[in-house]
Amino acid sequence: MPAALPTSRARIVVLLSGTGSLCAALLEATDDPAYPAEVVAVGSDRRAEGLQHATRRGLPTFVCAVGDHPDRAAWDRRLAADIAEYDPDLVVSAGFMKIVGPAVLGAFGGRLINTHPALLPAFPGAHAVRDALAAGVPVTGATVHVVDAGVDTGPVLSQREVAVAPGDDEASLHERIKEVERELLVETVARLVPAVTSRESPR
């Protein structure tokens, strides 16, 4: 007997800054009617290539660039407002290369998650793959975690290891990590849906 389809799907806003391979993986997962979430909008801090994944599907996109605002606090408030327009149950930072501030965390704290190409708490920050290679570790990996006010310091939701192969450089290792990262994100979002959709929020 086929599994029952979800009666309603969690609403996700994805944030990205680059090519959007993580976003693409999540969008592909939502093509399955049984997947318990849907992407309702994709935002960026720049005119990123990854926005095209949403545009091709007819999904709304938005750009909230730091340089378009008088200061970082104003940008953070605008970003929070832009995200809130789509009333998400979950916000996914998928290669979003900006640290959010109090306005975003105040609105979406506990419902904003991030992917990171290392086994946190090891190698936080923007150069995790390079740092892992420089440290000579035999194993690194991918993490999905809750975003807090620190840099990759929020509670870990899920992790998966990736072995460092002999002769790996930053590009080859990062590519293997990204393959794992995409799978881990899709699985973690599906697992989180019951928790995030149980909140009381008017529609």
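Residues numbered from 1 in each chain as written. Predicted model: local features only at pLDDT ≥ 70, side-chain atom pairs only at ≥ 80, totals over all residues. Heavy atoms only, no water.

## Looking at the sheet that holds strand E2 (residues 37–44)
Pairing within the open sheet is mixed, and its 7 strands lie in the order E3-E2-E1-E4-E5-E6-E7. Edge positions in the sheet fall to strand E3 (61–63) and strand E7 (156–163), since each has one partner strand and no second. Between one strand and the next, the sheet's axes are offset by a mean angle of 20°, whatever the strand orientation. In the sheet, strand E1 (residues 10–16) pairs with E2 via 7 bridges, with the strands oriented parallel. Bridge pairing links isoleucine 12 to valine 39 in E2. The sheet contacts of helix H1 (residues 21–30) involve E1, E2, strand E4 (90–93) and strand E5 (112–116), and relative to E2 the element is tilted by about 155°. (Pairing = 2+ DSSP bridges. Helix = DSSP H or I, 4+ residues; strand = E, 2+ residues; numbered from the N terminus. Axes fitted to C-alpha atoms, helices over the stretch in contact; angles between N-to-C directions. Contact = heavy atoms within 4.5 Å.)

## Considering the packing of aromatic side chains
Tallied over the entire structure, the rule returns 2 aromatic pairs. A centroid spacing of 6.0 Å and a plane angle of 10° characterise the contact between phenylalanine 62 and tyrosine 86, whose relative ring orientation is stacked. Taken together, the residues span a long stretch of sequence, with phenylalanine 62 in strand E3 and tyrosine 86 in the loop between helix H3 (72–84) and E4 at a distance of 24 residues. Like tyrosine 86, phenylalanine 62 is buried. Judged by centre distance (6.5 Å) and plane angle (15°), the rings of tryptophan 75 and phenylalanine 96 are stacked. Taken together, the residues span a long stretch of sequence, with tryptophan 75 in helix H3 and phenylalanine 96 in the loop between E4 and helix H4 (102–108) at a distance of 21 residues. Assigned by exposure class, tryptophan 75 and phenylalanine 96 land together as buried. (Phe/Tyr/Trp six-rings, centres within 6.5 Å; stacked < 30°, edge-to-face > 60°. Buried < 20%, exposed > 50% of the residue type's maximum accessible area, 1.4 Å probe, protein only.)

## Comments concerning the pairing of E1
Here E1 lies mainly inside the structure; 6 of its 7 residues are buried. In this fold, the crossover linking E1 to E2 by way of H1 has right-handed handedness. Taken together, the 4 bridges between E1 and E4 define a ladder with parallel strand orientation. Considered in E4, the bridge of valine 13 is made with valine 91. (Right-handed = clockwise from strand over helix to strand, strands pointing away.)

## Side note on the environment of valine 63
Along the polypeptide, valine 63 turns up in strand E3. On a C-alpha basis, the gap between valine 63 and aspartate 169 in space is 33 Å, while along the polypeptide they are 106 residues apart. Beyond its immediate chain neighbours, meaning those up to four positions away, valine 63 contacts Ser44, Asp45, Arg46, Arg47 and Leu51.

## Quick notes on H3
Under the 1.5 Å per step criterion, the end-to-end length of H3 is 18 Å for 13 residues, consistent within 8% with the ideal 18 Å. Elements that come into contact with the buried residues of H3 comprise E1, E3, E4 and H4. The distance from a side-chain oxygen at the start of H3 to the backbone nitrogen of alanine 73 is 3.2 Å, and the residue carrying that oxygen is aspartate 71. (Expected span 1.5 Å × (residues − 1). Polar contact = N/O pair within 3.5 Å; in protein donor to acceptor, adjacent residues only side chain to side chain.)

## A closer look at the pattern of salt bridges
This model, assessed by the stated rule, comprises 10 salt bridges. With a shortest N-O distance of 3.4 Å, arginine 130 and glutamate 170 are connected by a salt bridge. With a gap of 40 residues between them, arginine 130 in helix H5 (residues 128–135) and glutamate 170 in helix H6 (residues 170–196) connect regions that are remote in the sequence. Judged by relative accessible area, which is 43%, arginine 130 ranks as partly exposed. Residues participating in the shared-partner salt-bridge network are Asp45, Arg46 and Lys98. (Salt bridge = Lys/Arg side-chain N within 4 Å of Asp/Glu carboxyl O.)

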